[in-house]
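Read off the chains here:
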Amino acid sequence: MKRVFSGVQPTGNLHLGNYLGAIRRFVELQNDFDCLYCIVDLHAITVPQDPAELLRAAREVTAGFLAAGLKPERCIIFNQSQVREHGHLAWILNCFTPLGWLNRMTQFKEKAGKSREEAVLGLYAYPVLMAADVLLYKTTHVPVGEDQKQHLELARDIAGAFNRRYGIDLFPLPEPMITGAATRVMSLRDGTAKMSKSDPSDYSRINLTDGPDVIAKKFQKARTDSEPGVGYDPERRPEAANLINIYAALAGLTRDEVCARFADAQFSAFKRALTDLAVETLGPVGNEMKRLMADSGHVDGILRAGAERASALAQPIIAEVERAVGLHQP
Ligand code: AMP
Ligand code: TRP
């Protein structure tokens, strides 16, 4: 049996990278598998958050999920903090994770920067909580963008360490699903940095709630090189390659097909076609998100029901873990 789990942090500004790298693929998977999609607020607080903004962003991500086509009848949508077993299992798994493994995590190094002494323990333990999210449901498949690959390898290592320690086969080793033309969407301002929610420049990303004019302006201002044509050469022309990947992912074409389609076009004409395609695809998603965000009662109801269903799935698995470890059970 296949079970799919993935998480998105409620930190505002859902963007094209989240959509192409993750959310759009969640939607495809819900028809064929047993899927859980989680708004990971406990991960979000590993960096300082404004409380009101955190709550708003959790609803915004939920609205983004629904607007992109996730159906509460077909998958479970819920908030991480509402299923207490996530934190509980994370603690247990902390006791199976050597510091040496965590010291290799590049995301921690990037986020902690130079001030390693001031970095908080939660940021360091972030990948263990992520392993707990996945393992709590005996997940077999995890759709994510390229940036989460290392964390998922760690989750596999932790699952293996736990199973070996007790000589049991409790956790399946989760498989990352990182596929498609846009597993790493780059910033529109810098073809070597990934598109991110936290980039101070709003021109670096296309937000799912951006209207047609804003999308047009952002693509128009997107950095490119001085070569006139449309050619895919990520080493020499990273910004152009990124836009080609985005077009390919939005249109469901391969890179070669995109380059062939625009073989005789100027780069500026390609950018205009990309804008039209993006507006056509994202426009309805953004509008539906705004509509849903005005109805927080509806969104909250979905999260409440989702947490109940997720909790029911987690209970027997956490009980199995507690039995294996020898933790007291009532
Ligand atoms: P986050 O916003 O960090 O919670 O990421 C949510 C999901 O979107 C994860 O599966 C990420 O791997 C994916 N993601 C985030 N940024 C990008 C990007 N620039 N390109 C592709 N996928 C991304
Ligand atoms: N760390 C992931 C990110 O920032 C979010 C996440 C948390 C996640 N728990 C997860 C993704 C479990 C997949 C599975 O993108």
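Notes on the structure in this doc start here. Predicted model, so just to flag it, every value in this text is computed and none were measured.

The rules we used
- Residues numbered from 1 in each chain as written.
- Chains lettered and ligands numbered in written order.
- Predicted model: local features only at pLDDT ≥ 70, side-chain atom pairs only at ≥ 80, totals over all residues.
- Heavy atoms only, no water.
- Helix = DSSP H or I, 4+ residues; strand = E, 2+ residues; numbered from the N terminus.
- Expected span 1.5 Å × (residues − 1).
- Buried < 20%, exposed > 50% of the residue type's maximum accessible area, 1.4 Å probe, protein only.
- Near = heavy atom within 4 Å.
- Polar contact = N/O pair within 3.5 Å; in protein donor to acceptor, adjacent residues only side chain to side chain.
- Areas by Shrake-Rupley, 256 points an atom, 1.4 Å probe, with all protein chains shown as cover.
- Pairing = 2+ DSSP bridges.
- Phe/Tyr/Trp six-rings, centres within 6.5 Å; stacked < 30°, edge-to-face > 60°.
- Nonpolar A, V, L, I, M, F, W, Y, C, P; charged D, E, K, R; others polar.

Observations concerning helix H10 (residues 238-251)
Okay, so step 1: Between its first and last C-alpha atoms H10 spans 20 Å; for 14 residues at 1.5 Å apiece the expected length is 20 Å, and the two agree.
Okay, so step 2: Within H10, 13 of the 14 residues are buried, leaving the element largely enclosed by the surrounding structure.
Okay, so step 3: Within two residues after H10, Gly252 carries a phi angle of roughly 70°, on the positive side.

Here's the deal with the site of ligand 2
Okay, so step 1: Residues in close proximity to ligand 2 total 13 residues, the closest being Gln9, Tyr126, Met130, Asp133 and Gln148.
Okay, so step 2: Residue Tyr126 places a side-chain N or O atom 2.7 Å away from a nitrogen atom belonging to ligand 2.
Okay, so step 3: For ligand 2, a nitrogen atom lies 2.7 Å from a polar atom in the side chain of Asp133.
Okay, so step 4: About the coverage of ligand 2: the protein hides 91% of its 370 Å² of free accessible area.
Okay, so step 5: Contributions of two or more residues to the shell around ligand 2 are made by strand S1 (3-8) and helix H7 (121-135).

A look at the pairing of strand S3 (residues 75-79)
Note on strand geometry: in a regular strand, side chains alternate between the two faces of the sheet.
Okay, so step 1: With five of its five residues buried, S3 lies for the most part within the structure.
Okay, so step 2: Relative to S3, strand S2 (residues 34-39) is paired through five bridges, and the arrangement is parallel. Residue pairing in the sheet places Leu36 in a bridge with Ile76 of S3.

Focus on the packing of aromatic side chains
Okay, so step 1: Taken as a whole and assessed by the stated rule, the structure comprises 15 aromatic pairs.
Okay, so step 2: Here the aromatic rings of Phe26 and Phe65 are separated by 5.9 Å at their centres, their planes lie at 80°, and the arrangement is edge-to-face. Highlighted residues: Phe26 in helix H1 (residues 16-29) and Phe65 in helix H3 (residues 51-68), separated in sequence by 39 residues.
Okay, so step 3: Looking at Phe65, the relative accessible area reads 0%, which means it is buried.
Okay, so step 4: Each ring, one from Phe78 and one from Tyr137, has its centre 6.1 Å from the other, and the planes form 70°; the classification is edge-to-face. Here Tyr137 lies in the loop between H7 and strand S4 (141-143) and Phe78 lies in strand S3, a separation of 59 residues in the sequence. In this pair, the class of Phe78 matches that of Tyr137, namely buried.

Remarks on the site of ligand 1
Okay, so step 1: In the region of ligand 1, 17 residues are neighbours, and Gln9, Gly145, Asp147, Val185 and Lys197 sit closest.
Okay, so step 2: Backbone polar atom of Gly17 to a nitrogen atom of ligand 1: 3.2 Å apart, as the coordinates give it.
Okay, so step 3: Side-chain polar atom of Asp147 to an oxygen atom of ligand 1: 2.5 Å apart, as the coordinates give it.
Okay, so step 4: Here the residues of the shell around ligand 1 sort into six nonpolar, eight polar and three charged.

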